[in-house]
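Reading the structure
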Amino acid sequence: MLHRVLPSERAWPLYDTAATRAREQAAQSELPPHTLMERAGLAAARLALATAPHARVVWVAAGGGNNGGDGLIVARHLAAAGKQVSVGLFGDPARLPADARHAYDTAAAAGVRFDQALPDDAGLIVDALLGIGAQQPVRAEMARLIERINACGVPVLALDLPSGLPADTGAARGRAVVRADHTLSLLSLKPGLFTADGRDHAGQVWFDDLSVDAAAQDATAILAGPPRVALRRHVQHKGSFGDVLVIGGAAGMGGAAALAARAASAAGAGRVFLGRLGGADRGFDELRPELMLRPAAELVQPMRLARATVVCGCGGGQVIAEWLPAVLAHAMKLVLDADALNAIAAAPALRALLAGRAARGLPSVVTPHPLEAARLLGSSAADVQADRLRAATRLAQSLSVSVLLKGSGTVIATPGQQPIINPTGNARLGSAGSGDVLAGWLGGLWSAHADWSATEAAAAAAWLHGRAAELGDQRLPLAASALVDALADALR
Ligand SMILES: NC(=O)C1=CN([C@@H]2O[C@H](COP(=O)(O)OP(=O)(O)OC[C@H]3O[C@@H](n4cnc5c(N)ncnc54)[C@H](O)[C@@H]3O)[C@@H](O)[C@H]2O)[C@@H](O)CC1
Ligand SMILES: Nc1ncnc2c1ncn2[C@@H]1O[C@H](COP(=O)(O)OP(=O)(O)O)[C@@H](O)[C@H]1O
Ligand SMILES: [K+]
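Cut-off values and rules
Residues numbered from 1 in each chain as written. Chains lettered and ligands numbered in written order. Predicted model: local features only at pLDDT ≥ 70, side-chain atom pairs only at ≥ 80, totals over all residues. Heavy atoms only, no water. UniProt positions renumbered as here; feature names shortened; annotations may be inferred. Near = heavy atom within 4 Å. Polar contact = N/O pair within 3.5 Å; in protein donor to acceptor, adjacent residues only side chain to side chain. Areas by Shrake-Rupley, 256 points an atom, 1.4 Å probe, with all protein chains shown as cover. Helix = DSSP H or I, 4+ residues; strand = E, 2+ residues; numbered from the N terminus. Nonpolar A, V, L, I, M, F, W, Y, C, P; charged D, E, K, R; others polar. Expected span 1.5 Å × (residues − 1). Buried < 20%, exposed > 50% of the residue type's maximum accessible area, 1.4 Å probe, protein only. Arc of directions from axis to C-beta. Salt bridge = Lys/Arg side-chain N within 4 Å of Asp/Glu carboxyl O. Axes fitted to C-alpha atoms, helices over the stretch in contact; angles between N-to-C directions. Parallel < 35°, antiparallel > 145°, perpendicular 65-115°, else oblique. Contact = heavy atoms within 4.5 Å. Domains from an automatic or database assignment. Buried area = accessible area lost by both parts, 1.4 Å probe. Donors = N, O, S within 2.8 Å, 3.2 Å for Na, K, Ca; no water. Tetrahedral: all angles 85-135°; square planar, octahedral: opposite > 155°, others 65-115°.

An unreviewed UniProt entry lists the protein under the name Bifunctional NAD(P)H-hydrate repair enzyme, from Pseudaquabacterium terrae. We quote the UniProt Subunit (unreviewed entry) comment for the protein here in full: "Homotetramer."

Rendered as structure tokens:
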């Protein structure tokens, strides 16, 4: 059955190349020969007709593997539906794998035309060059072909993956990768469609399971769905939704902590205290007078920390390092962002304190962007981006915390659990302060939902934060302060 995957309405299991191949083999062994590929080709032909109904001339770019086989079946169906179809076969017919060879024979027998030239009047290109078989950067000749497809301006429907996109990581890293308008993922959804460069290359993502049931426990990762945000019960009161303490905002960076505090309040924390490091605070926030401004020293007290969800580090500067030992030792639930992460990366003693929290039953979430994650991992931002799932998972294990690795396709990893990829959000969030809002928002949600684990809180926060950016005028950037208001809309 065909599903539209985005905008996100439910969770989906994701399978990397190895897990997909295992499922494919299991299914193949129970089905008559060529069945899966026939199902794949038919599903793709139907989607082509639905998404490009007016395209008269269709060019199928087919590679020399089974992805090309899918394309050959699409060509046969579209020709039968009255389209003017030609197939550019970029592979030796004599060396096609068995399923693709069968697809070639049936397409040829049905009179499908073969021509490597892209027709001038093509109204649709079906990209069937490479699927999960492309583990290396594509060879030069195919790279040129991909560049031509990307430059020609004709709508592209990619089969299984945009050709050249690494299925497991979505990291294009300068590779030639097809930029599709639509991608139909077959048999399984692959993580690479949803993180790193995946979103920009996949376009609208569709999924057909080819009528093969999935075992979610075998999944490589989970694509998050909307969180279950409970309605408040009548007997609940501000004490039920907990205290959030926001510690950050060194001199000149007070806004970062204020954004976090406002977001924590918007997320539903019972009370939010803002302890700025940049000076003694006793006033109030004119925009959110419900926030309580206190000198940080008043908040960073063992008894207070032990009863609160603490959001620490937004605009913290170097001075945050002085406050971290107490925060790490006592905070009941802890969200660490920005300069708190940089301080921990630079100080093994702080790192040990953080890593020791789990054994004391104190949950923590760290919310690094790729460079902050790299500092904690002792690697580079490019290395983190090359395999975001792996980087987040490694960091979670090494610190015994939940990691929320920011960026397109935010990854949430917790030791011993399947990693989660967040499908919401877009580059409207690429503006200063949206990370501070996320940290505060996460703290506020986690405080208000006493029964949520760190993973649940992080996944819910990322999903809603991204959804907020999907609401409203998509041409306009979203300023962090406007994001706080948009988050309340996303909750509805
Ligand atoms: N066998 C089946 O029944 C099914 C197969 N499916 C399709 O089969 C695909 C996997 O097929 P394959 O395993 O044959 O792999 P692919 O077709 O994805 O890739 C293999 C082909 O790409 C070429 N190639 C590999 N690396 C390259 C590189 N770096 N530069 C240039 N060319 C390169 C190989 O020479 C070979 O021709 C899936 O992605 C999916 O589209 C689906 O239809 C599901 C069912
Ligand atoms: N292109 C994008 N797609 C999805 N989310 C994005 C994109 N750009 C930024 N974001 C999100 O915006 C936030 C930015 O956080 P961060 O990098 O810490 O910024 P800052 O420090 O300015 O607050 C993160 O939640 C990140 O995932
Ligand atoms: K493809």
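A short note on the site of ligand 2
In the neighbourhood of ligand 2, 18 residues make up the surrounding shell, with Lys 406, Gly 407, Gly 433, Gly 435 and Asp 436 lying closest. Here a nitrogen atom of ligand 2 sits 3.5 Å away from a polar atom, N or O, in the main chain of Ala 427. Take Leu 429: an N or O atom from its main chain is 3.3 Å from an oxygen atom of ligand 2. Contact with the protein chains hides 76% of the accessible area of ligand 2, taken as 570 Å² for the molecule alone. By residue number, the principal contributor to the shell around ligand 2 is helix α16 (residues 434-448), which donates four residues.

Quick look at the site of ligand 1
The immediate surroundings of ligand 1 are formed by 23 residues, with Asn 66, Asn 67, Asp 70, Gly 131 and Asp 160 found nearest. The contact in question runs from an oxygen atom of ligand 1 to an N or O atom on the backbone of Ile 132, over 3.0 Å. Pro 137 places a main-chain nitrogen or oxygen 3.0 Å from a nitrogen atom of ligand 1. When isolated, ligand 1 has an accessible area of 860 Å², and the protein chains bury 86% of it. Put simply, the parts of the chain that give the shell around ligand 1 at least two residues each are α1 (17-30), α2 (35-51) and α3 (66-80). Residue composition of the shell around ligand 1, grouped by class: nine nonpolar, eight polar and six charged.

With respect to helix α4 (residues 98-109)
In this model α4 runs 16 Å from its N-terminal to its C-terminal C-alpha over twelve residues, within 8% of the 16 Å that 1.5 Å per residue would give. Every buried residue of α4 is listed here: Asp 99, Ala 100, Ala 103, Tyr 104 and Ala 107. Buried residues in α4, looked at end-on, bunch into an arc of 140°, giving them a common side. Turned more than 90 degrees from where α4 packs its buried face, Ala 98 and Ala 109 sit exposed. Looking one or two places after α4, you find Gly 111, whose phi comes out positive at around 85°.

Considerations on the pattern of salt bridges
On inspection of all chains with the given rule, the structure shows twelve salt bridges. We note a salt bridge from Arg 271 to Asp 243, for which the minimum N-O separation is 2.8 Å. With a gap of 28 residues between them, Arg 271 in strand β12 (residues 271-276) and Asp 243 in strand β11 (residues 243-248) connect regions that are remote in the sequence. Of the charged contacts in the structure, one is a salt bridge between Asp 285 and Arg 262, with a shortest N-O distance of 2.8 Å. Residue Asp 285 is found in the loop between β12 and β13 (292-295), and its partner Arg 262 is found in helix α7 (residues 254-266); the two are separated by 23 residues along the sequence. The exposure class of Asp 285 is buried, given its relative accessible area of 8%. For Arg 262, a relative accessible area of 18% puts it in the buried group.

Quick word on the packing of helix α17 (residues 454-470) against helix α18 (residues 480-491)
For the pair α17 and α18, the least separation of the axes is 8 Å and the interaxial angle reads 105°. Here α17 lies roughly perpendicular to α18, going by the angle between them. Judged by residue contacts, Leu 464, His 465, Arg 467 and Ala 468 of α17 engage Leu 483, Ala 486, Leu 487, Ala 490 and Leu 491 from α18. Looking at the contact of α17 with α18 residue by residue, the class counts come to seven nonpolar, one polar and one charged.

Description of the domain arrangement of the protein
How big an interface is tends to be expressed through the accessible area that disappears when the partners come together. By domain assignment, the protein separates into domain 1 (2-218) and domain 2 (238-491). At the interface, 15 residues of domain 1 touch 15 residues of domain 2. When domain 1 packs against domain 2, close to 1100 Å² is buried across both sides, 51% of that on carbon and sulfur atoms. Contact with domain 2 buries surface across domain 1, with Ser 8, Thr 195 and Arg 199 losing the most and accounting together for 40% of the total.

Some thoughts on the coordination of the potassium ion (ligand 3)
Four donors placed tetrahedrally about a metal ideally form angles of 109.5 degrees, and six donors placed octahedrally ideally form angles of 90 or 180 degrees. Around the potassium ion (ligand 3), the protein supplies Asn 67 (OD1), Asp 127 (O), Leu 130 (O), Leu 159 (O), Leu 161 (O) and Ser 163 (OG) as donor atoms, at distances of 2.6 to 3.0 Å. If you look at the potassium ion (ligand 3), its six donor atoms make angles of 68 to 171° with each other, and the shape they trace is irregular. Motif for the potassium ion (ligand 3), donor spacing along one chain: N-x59-D-x2-L-x28-L-x1-L-x1-S. With a gap of 32 residues between them, Asp 127 in strand β6 (residues 124-128) and Leu 159 in strand β7 (residues 156-159) connect regions that are remote in the sequence. As far as burial versus exposure is concerned, Asp 127 and Leu 159 are alike and both buried.

As for helix α5 (residues 140-151)
Here α5 contains twelve residues, and its C-alpha end-to-end distance of 16 Å stays within 8% of the 16 Å for a straight helix at 1.5 Å per residue. Residues of α5 that are buried: Met 142, Ala 143, Leu 145, Ile 146 and Ile 149. An end-on view of α5 places all buried positions within 160° of arc, on one side of the element. Away from its buried face by more than 90 degrees, α5 exposes Ala 140, Glu 141, Arg 144 and Ala 151. For α5, the elements touching its buried residues are β3 (57-63), β4 (84-90), β6 and β7. Downstream of α5 by a residue or two, Gly 153 has a phi angle that is positive, lying close to 80°.

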